[in-house]
2 protein chains.
Amino acid sequence: MKNYKPKNRLVAQAYIDGVLDGDRVLLSRAITIIESNLDSDKILAKEIVQSILPSSGKSIRIGITGVPGVGKSTFIEAFGLYLVKQGHKVAILSIDPSSQRTKGSILGDKTRMEELANLEEAYIRPSSSGDTLGGVANKTGETMLLCEAAGYDVILIETVGVGQSETAVHGMTDFFLLLMLSGAGDELQGIKKGIMEMADMLVINKADGDNITNSKIAKRQYQNALHIFPLSESGWSPVVSTASSTNNIGISNVWDEVSKYKTLVEANGYFVKNRNHQQIKWMYNNINEELKQMFYGSKRITSELAQLEKDIVSSEISPVKAALQIIEKFKNSF
Amino acid sequence: MKNYKPKNRLVAQAYIDGVLDGDRVLLSRAITIIESNLDSDKILAKEIVQSILPSSGKSIRIGITGVPGVGKSTFIEAFGLYLVKQGHKVAILSIDPSSQRTKGSILGDKTRMEELANLEEAYIRPSSSGDTLGGVANKTGETMLLCEAAGYDVILIETVGVGQSETAVHGMTDFFLLLMLSGAGDELQGIKKGIMEMADMLVINKADGDNITNSKIAKRQYQNALHIFPLSESGWSPVVSTASSTNNIGISNVWDEVSKYKTLVEANGYFVKNRNHQQIKWMYNNINEELKQMFYGSKRITSELAQLEKDIVSSEISPVKAALQIIEKFKNSF
């Protein structure tokens, strides 16, 4: 990335004005700058984000996850089309640290949401590339702010149901949606522990054909299970529903639940409280990653850590002593 | 703590020999040194822990949690007495960052486990005090190693069902036990999200008298709920049982399940793998805490962070920019 020279960059104000005007071409070009790893682009990106900041935030941010095969693209296409019909402007972003720009494992191929991609009121942006989840999350987070400033009032952020990316998406959205399949247990093993407890809504997708009965059984099982979960701070009790994205059944219901949720948390103050908390946490996540980078970014440190790991496993050094020892070395290196 | 001078400390070897001999008095004094915040004691503690390290580890480590009122002390007393009768030596430790040495909110008052406390084969140690959870966890972790070196082959580490302490206990034990009460939902709200998914076994306590029927219903509900949880890496499916600690019913069953678990994870290699992983993670947790301490320990930084938090909430600065800005200042301070 660092080897090519960006052609014809505009001045920051041009991107800012374009984004605020809802100009899709300039929005896309501004996002490209956010995703760029060039130092000159980083300065430009910071200026753009800083300027559009007061115009961001006026949206509902919905996180969507589920294991591969659950029908995420089909669901998002159906859900996005429904929202556009209701008069919304929808931006669809994704967090996927494993994706390459060229591959775009989930959304890179816009043909998977062909109908939605052709609408003026929908904006689909494939996952940005990046070495670290933190870096990718920053880019997606800032892209979200830009989309909001450009007038998109529903932001869908999807992620694959593996790794730490759900936590990142959960940390930047207002409502967290988990797509599942019926089939009692087995397929669940692809979902990481703790994800289910983050969900505000569980949608059993592909509830069609021979699958309808099983989906209803699954719905009841999940309802019973969620019932015994600790109550969320939002005061919202997670709901379970079934949907058939291909037949467009159960899609409007998802939006109804999101709307109910929004009414509740706006009334009880959780909406603003949670957003403020997320923004502040975003800063701290960045700080902590930078601190770690200062330490773990050193080759001398990492090779020493590898040796310490071995010594710990063979009981030659205690974990506490090992930590103190390497931190001392680090401090003395300044 | 830093103001008093420890009287008559012995040389390290005296504690080491005493611990390895299973001498309870010297074990207690060695633990006091581990818990001490005096610099001279810290050096002594490191020497002791380092020396007994190869003799540690020969135990099953059981984490026990549950909200206040669930009957933890009574359960641990009944469970401990059962284990001693089976020929085990049992050490009972706790992690409770909120406790003061003098208060010892859970275990400080040994009279709550009167019968057990009088047995030679049981060793009860109240929670150590400390400013940070990391600090307390270090002390409890090293106390555990000492107890193992002194011949205790079952370690029970309890924690209250609030805060981050469960994660700390889960991170240093082989088997995680969650005590609950029947009553469908309400009382669960005291349990933090994610705790239930960490449990290897769920025991519905106080299943006696009028409560028997409700406990059986709760057992079935939890069994159904756990069924849909993602499978743990250990290959173990969490079990649910009922118990009446006061009537000594269902206590031996808990040990049977722990034993089954141990047989399974020793055979499939998870026992050793998990222990190694925990030890290494223990080092990294300490490193990361030290790194944070270097940064957040500075008064100048914390007052600036308070201002940045305000600026973020009022959209005057983006979280990413705020983080970069303060990290730059930190780097330039060296």
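Residues numbered from 1 in each chain as written. Chains lettered and ligands numbered in written order. Predicted model: local features only at pLDDT ≥ 70, side-chain atom pairs only at ≥ 80, totals over all residues. Heavy atoms only, no water.

**A short note on the interface of chain A and chain B**
Move 1: Between chain A and chain B, the residue contacts involve 57 residues of the former and 57 residues of the latter.
Move 2: Carbon and sulfur atoms make up 71% of the surface buried where chain A meets chain B, a total of about 5700 Å² over both sides.
Move 3: The interface formed by chain A and chain B holds zero salt bridges in total.
Move 4: In this structure, the connection of chain A to chain B is made through eight residue pairs in polar contact (both at pLDDT 80 or more).
Move 5: With 15 residues, helix H10 (residues 270-296) of chain A is the single largest residue contributor to the side of chain A that touches chain B.
Move 6: A per-class count over the side of chain A that touches chain B returns 35 nonpolar, 11 polar and 11 charged. (Contact = heavy atoms within 4.5 Å. Buried area = accessible area lost by both parts, 1.4 Å probe. Salt bridge = Lys/Arg side-chain N within 4 Å of Asp/Glu carboxyl O. Polar contact = N/O pair within 3.5 Å; in protein donor to acceptor, adjacent residues only side chain to side chain. Helix = DSSP H or I, 4+ residues; strand = E, 2+ residues; numbered from the N terminus. Nonpolar A, V, L, I, M, F, W, Y, C, P; charged D, E, K, R; others polar.)

**Re the relation of the copies chain A and chain B**
Move 1: You can overlay chain A on chain B at an RMSD of 0.1 Å; the transform is a turn of 180 degrees with a shift of 0.1 Å along its axis. Taken together, the rotation angle and the small translation identify this as a two-fold axis. When each C-alpha of chain A is compared by its distance to the rotation axis, A:Ala225 comes out closest, at 2.2 Å.
Move 2: When the interface residues of chain A are mapped onto chain B, 100% of them again fall at the interface, so both copies present the same face. (Least-squares fit on C-alpha atoms with pLDDT ≥ 70 in both.)

**A short note on the domain arrangement of chain A**
Move 1: Domain parsing of chain A yields domain 1 (1-55), domain 2 (56-267) and domain 3 (298-332).
Move 2: Computed over C-alpha atoms, the centres of domain 1 of chain A and domain 3 of chain A are 42 Å apart. (Domains from an automatic or database assignment.)

**Side note on the sheet that holds strand S4 (residues 154-160) of chain B**
Backbone-to-backbone hydrogen bonds join strands into a sheet, with any given pair of strands oriented parallel or antiparallel.
Residue and element names in this part refer to chain B.
Move 1: An order of S3-S2-S4-S1-S5-S6-S7 is seen for the seven strands of this open sheet, with the pairing classed as parallel. Taken across any chain shown, the strands that pair with only one partner, and hence form the sheet edges, are strand S3 (122-124) and strand S7 (239-242). Averaged over all pairs of adjacent strands, the angle between strand axes in this sheet comes to 20 degrees, irrespective of strand direction.
Move 2: Across three bridges, strand S2 (residues 90-95) lies against S3 in parallel orientation. Each bridged residue has a counterpart across the sheet, and for alanine 91 the counterpart in S3 is tyrosine 123. (Pairing = 2+ DSSP bridges. Axes fitted to C-alpha atoms, helices over the stretch in contact; angles between N-to-C directions.)

**Let's talk about the pattern of salt bridges**
All names here are of chain A.
Move 1: The full count for this structure, using the stated rule, is 16 salt bridges over all chains.
Move 2: The salt bridge involving glutamate 233 is made with lysine 273; its shortest N-O contact spans 2.5 Å. You can see glutamate 233 sitting in the loop between helix H8 (212-227) and strand S7 (239-242) and its partner lysine 273 sitting in helix H10, a full 40 residues away along the chain.
Move 3: Lysine 262 is the salt-bridge partner of glutamate 266, the closest N and O atoms lying 3.5 Å from each other. Placement of both glutamate 266 and lysine 262 in helix H9 (residues 251-267) is noted, with a separation of four residues, approximately one turn of the helix.
Move 4: In this structure glutamate 266 comes out as partly exposed when scored by relative accessible area, which is 45%. (Buried < 20%, exposed > 50% of the residue type's maximum accessible area, 1.4 Å probe, protein only.)

**A closer look at the side chain of A:Ser165**
Residue and element names in this part refer to chain A.
Move 1: Structurally, the position occupied by serine 165 is in helix H7 (residues 165-170).
Move 2: Judged by its relative accessible area of 2%, serine 165 is buried.
Move 3: A distance of 2.6 Å separates a polar atom in the side chain of serine 165 from a polar atom in the side chain of threonine 159.

**With respect to the nonpolar core**
Move 1: Within the largest apolar cluster, 104 residues are counted, with the highest numbers of intra-cluster contacts made by A:Leu146 and B:Leu146.
Move 2: Residues in contact with B:Leu146, not counting those within four places in the same chain, are B:Val19, B:Leu27, B:Ala30, B:Ile31, B:Ile34, B:Ile48, B:Val49 and B:Ile52.
Move 3: If you look at the next biggest cluster of nonpolar residues, it comprises 36 residues, including B:Val70, B:Ala78, B:Ile92 and B:Met201. (Core = buried A, V, L, I, M, F, W, Y, C linked by side-chain atoms within 4.5 Å.)

**Side note on helix H2 (residues 24-35) of chain B**
Residue and element names in this part refer to chain B.
Move 1: Relative to the 16 Å expected for 12 residues at 1.5 Å per residue, H2 spans 16 Å between its end C-alpha atoms, a close match to the ideal helical length.
Move 2: Those residues of H2 that fall on the buried side of the exposure criterion are Leu26, Leu27, Ala30, Ile31, Ile33, Ile34 and Glu35.
Move 3: In this structure, the buried residues of H2 make contact with helix H1 (12-21), helix H3 (39-52), S3 and helix H6 (133-149). (Expected span 1.5 Å × (residues − 1).)

**With respect to the sheet that holds strand S1 (residues 60-65) of chain A**
All names here are of chain A.
Move 1: Taking strand neighbours across the sheet as the criterion, the seven strands line up as S3-S2-S4-S1-S5-S6-S7 in an open arrangement whose pairing is parallel. The sheet terminates laterally at strand S3 (122-124) and S7, the two strands that pair on one side only. Taken over all neighbouring pairs, the strand axes of this sheet differ in orientation by 20 degrees on average, direction set aside.
Move 2: Sheet strands in contact with H9 are S1, strand S4 (154-159), strand S5 (175-180), strand S6 (201-204) and S7, and its direction is about 130 degrees off that of S1.

**Here we look at unusual backbone geometry**
Residues and elements named next belong to chain A.
Move 1: Even without being a glycine, asparagine 248 presents a positive backbone phi close to 60 degrees.
Move 2: Classification of asparagine 248 as partly exposed rests on a relative accessible area of 48%.
Move 3: Even without a glycine there, the phi angle at serine 315 is positive, about 60 degrees.
Move 4: For serine 315, the location among the structural elements is in the loop between helix H11 (299-313) and helix H12 (319-332).
Move 5: Exposure remark for serine 315: the relative accessible area of 29% places this residue in the partly exposed category.

**Examining the packing of aromatic side chains**
Move 1: Here the structure, examined in full by the defined rule, presents 18 aromatic pairs over all chains.
Move 2: Look at A:Phe75 and A:Phe79: their rings are 5.4 Å apart centre to centre, the planes differ by 20 degrees, and that puts the pair in the stacked class. Linking A:Phe75 with A:Phe79, this pair stays in helix H4 (residues 72-85), spanning four residues, or about one helical turn.
Move 3: Judged by relative accessible area, which is 0%, A:Phe79 ranks as buried.
Move 4: Arranged with centres 6.0 Å apart and planes meeting at 40 degrees, the rings of A:Tyr284 and B:Tyr296 form a pair that is tilted. (Phe/Tyr/Trp six-rings, centres within 6.5 Å; stacked < 30°, edge-to-face > 60°.)

**Quick word on helix H6 (residues 133-149) of chain A**
Each α-helix winds once per 3.6 residues, and so residues spaced three or four apart point in a common direction.
Residue and element names in this part refer to chain A.
Move 1: Across its 17 residues, H6 extends 24 Å between first and last C-alpha, which sits within 8% of the 24 Å expected from 1.5 Å per residue.
Move 2: With 15 of 17 residues buried, H6 lies mostly within the body of the structure.
Move 3: Just past H6, the residue glycine 151 takes up positive phi, approximately 100 degrees.

**Notes on the pairing of strand S6 (residues 201-204) of chain B**
In summary, the side chains of a regular strand alternate between the two faces of the sheet.
All names here are of chain B.
Move 1: Burial along S6 is two-sided: the face carrying Met201 and Val203 and the face carrying Leu202 and Ile204 are both buried.
Move 2: In this sheet, S6 lies alongside strand S5 (residues 175-180) in parallel orientation, the contact comprising four bridges. For leucine 177, the partnering residue across the bridge sits in S6 and is methionine 201.
Move 3: A crossover links S6 with its parallel partner S7, the connecting element being helix H9 (residues 212-227), and its sense is right-handed. (Right-handed = clockwise from strand over helix to strand, strands pointing away.)

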